[in-house]
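For reference, the chains in residue letters:
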Amino acid sequence: MAGVRPTTLHSYRRHIDLYFVPHLGHIRLRDLRGNHVEAMLREIAKPPAKPAADAKLKKGQRRNPRQLGPASIQRIHATLRSALGSAKKQRLISFNPAVDVELPRAPKPKVNPWEPDELGTFLAHAQTDRLGALFETIAMTGLRRGEALGLRWPDVNFERKVLVVRQQVVEVDGTGVACPYCGEEHRQIQFGAPKTSSGEARVIDLDPDTLGTLMAHRLSQEAEQAQWGEAYNDHQLVFAREDGSPLVPGKVTERFHQLCEKAGVRQVRLHDLRHLQASLLLASGAPMVLVSKRLGHSSLSITSDIYTHLIGGIGAEAAAAAAGLVPRTKRAQPIGDQSVTTAAAENDESDPLGSESPGQDGAAQGNRTPDLFITSELLYRLS
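The following paragraphs examine the structure supplied in this document. Keep in mind the model is a prediction, meaning the values are calculated, not measured.

Rules used in this analysis
- Residues numbered from 1 in each chain as written.
- Predicted model: local features only at pLDDT ≥ 70, side-chain atom pairs only at ≥ 80, totals over all residues.
- Heavy atoms only, no water.
- Helix = DSSP H or I, 4+ residues; strand = E, 2+ residues; numbered from the N terminus.
- Buried < 20%, exposed > 50% of the residue type's maximum accessible area, 1.4 Å probe, protein only.
- Polar contact = N/O pair within 3.5 Å; in protein donor to acceptor, adjacent residues only side chain to side chain.
- Contact = heavy atoms within 4.5 Å.
- Phe/Tyr/Trp six-rings, centres within 6.5 Å; stacked < 30°, edge-to-face > 60°.
- Pairing = 2+ DSSP bridges.
- Axes fitted to C-alpha atoms, helices over the stretch in contact; angles between N-to-C directions.
- Parallel < 35°, antiparallel > 145°, perpendicular 65-115°, else oblique.
- Nonpolar A, V, L, I, M, F, W, Y, C, P; charged D, E, K, R; others polar.
- Arc of directions from axis to C-beta.

The next thing to look at is the side chain of R202. Mapped onto the elements of the fold, R202 is located in strand 5 (residues 202–205). With a relative accessible area of 6%, R202 lands in the buried category. In terms of polar contacts, R202 uses its side chain to reach the side chain of E147, at 2.8 Å. Within the structure, the side chain of R202 is placed 2.9 Å from the backbone oxygen of R294, a separation counted as a polar contact. When sequence neighbours within four positions are dropped, the list of residues in contact with R202 reads G142, L143, R144, E147, L163, V164, V165, R274, K293, R294, L295 and G296.

Now for the packing of aromatic side chains. The tally for this structure, following the rule as stated, stands at 7 aromatic pairs. Between W114 and F256, the aromatic rings sit 5.8 Å apart at their centres with planes inclined by 40°, giving tilted as the arrangement. In this pair, W114 sits in the loop between helix 3 (70–89) and helix 4 (116–126) while F256 sits in helix 8 (residues 249–263), placing the two residues 142 residues apart along the sequence. Neither residue differs from the other here; W114 and F256 are each classed as buried. Here the aromatic rings of W153 and F158 are separated by 6.2 Å at their centres, their planes lie at 25°, and the arrangement is stacked. Take W153 and F158: they sit in the same class, and that class is buried. Aromatic ring contacts, followed pair by pair, group W114, F122, F135 and F256 into a single cluster.

At R91, a position not held by glycine, the phi torsion is positive, near 65°. With respect to the helices and strands, the residue R91 is situated in the loop between helix 3 and helix 4. Residue classification places R91 among the exposed positions, given a relative accessible area of 77%. With phi around 65°, D100 is a residue other than glycine that occupies positive phi space.

Pairing in this open sheet of 3 strands is antiparallel, and the strands run 1-2-5 from one edge to the other. Strand pairing shows two members of the sheet lacking a second neighbour, strand 1 (156–157) and strand 5, which therefore form its edges. Sheet analysis places strand 2 (residues 162–165) next to strand 5, joined by 4 bridges and oriented antiparallel. Across the sheet, the residue bridging to V165 is R202, located in strand 5.

By the alternation rule, side chains of strand 2 split into V162 and V164 and L163 and V165, which are all buried. Bridge analysis of strand 1 against strand 2 gives 2 bridges, and the strand direction is antiparallel. In the strand pairing of strand 2, N157 is matched with V162. Here strand 1 folds back onto strand 2, and the loop between the two strands holds 4 residues, one of which, K161, carries a positive phi near 60°.

Moving on to the packing of helix 1 (residues 6–24) against helix 3. Interaxial distance between helix 1 and helix 3 falls to 10 Å at its minimum, and their mutual angle equals 80°. By the angle between their directions, the pair helix 1 and helix 3 is classed as roughly perpendicular. Residue-level inspection shows Y12, H15, Y19, F20 and L24 of helix 1 in contact with helix 3, the latter providing R75, I76, T79 and L80. Tallied by class, the residues present in the contact of helix 1 with helix 3 amount to 6 nonpolar, 2 polar and 1 charged.

Residues T303, I306 and Y307 constitute the buried set of helix 11 (residues 300–307). Projected down its long axis, helix 11 carries its buried residues within an arc of 80°, all on one side. Summarising the contacts, the buried residues of helix 11 are in contact with helix 9 (272–283) and helix 10 (288–295).

Take the environment of N112 next. Mapped onto the elements, N112 comes out in the loop between helix 3 and helix 4. Given the relative accessible area of 55%, N112 is considered exposed. In sequence terms N112 and D272 are 160 residues apart; their C-alpha atoms lie 7.7 Å from each other.

And the structure:
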């Protein structure tokens, strides 16, 4: 499929093998109806039953190893709706039966990344690990895992103190796909464009510490290359295996969790290092639009939906700063100050309203006005 990213194509194939063929494969396309689609979605939302020991799968079919959440079901439905939409455009069907299907609601994602001191503890432990520089770069730039693994030295400018995101490494079947750098096939990975078009060729500024980490890492990598000699498989990757070939994303994640355990910090996802960079930027007062561009989100609304809960304190500070820009005159004496009005009443015998005797109509002595709102505590607090 021309123009389709490798990860997207892998997802399509998985949806076909796991869900569409087993649940809808026996129905002719022209006979497919919305109730069939709804029945499939209800079925795949159930917890997977434990297979019998002698259970066999049909050719090309794979088991679904986990229960699907609302977000996963929505993605599966989106794949089917898109495919049926293409069938309608080709006049293979007269309507799209996947449209107007009721779907489970997916909660907005909430992230709970490390606190800065937790990151410091982890980086202090990981600095002696061969992949320590990789994890620090992800945490301090917000790169996705695949983007960091696809980063090449020509895209790091030490003089300008920036790096440019041009590609990513994705963990899919690379058999039959020639590597653009060595011409060979990498069975577990492929090189591809970043996840979003807005993430391509984006420039990310580097802080001095991260810049120093990358410089030291390059010296270590050059030493490895010298040891391997002609056997070194140079892809000019910033983060690579000892022989220069690409790292497998899944293996990198495994190493990250091993280091978390050894460092004694709570286990988080490797992707949460990216979230941590966003939270640090927001805490420093960086505008949301800058954070969104740095992370390569396709829209500002995505950034806002994910990180709104992280900026509560920043919002209060911004509100106070905005209010401080408005010129104010000195506030008048609160009308509802009882001590002032009572003292004035005792010294002003010409008060036209006069005062009532205690017990008259149940009124309390010294109540100078019939308007209770003026003497209310609420008005005093608001004034």
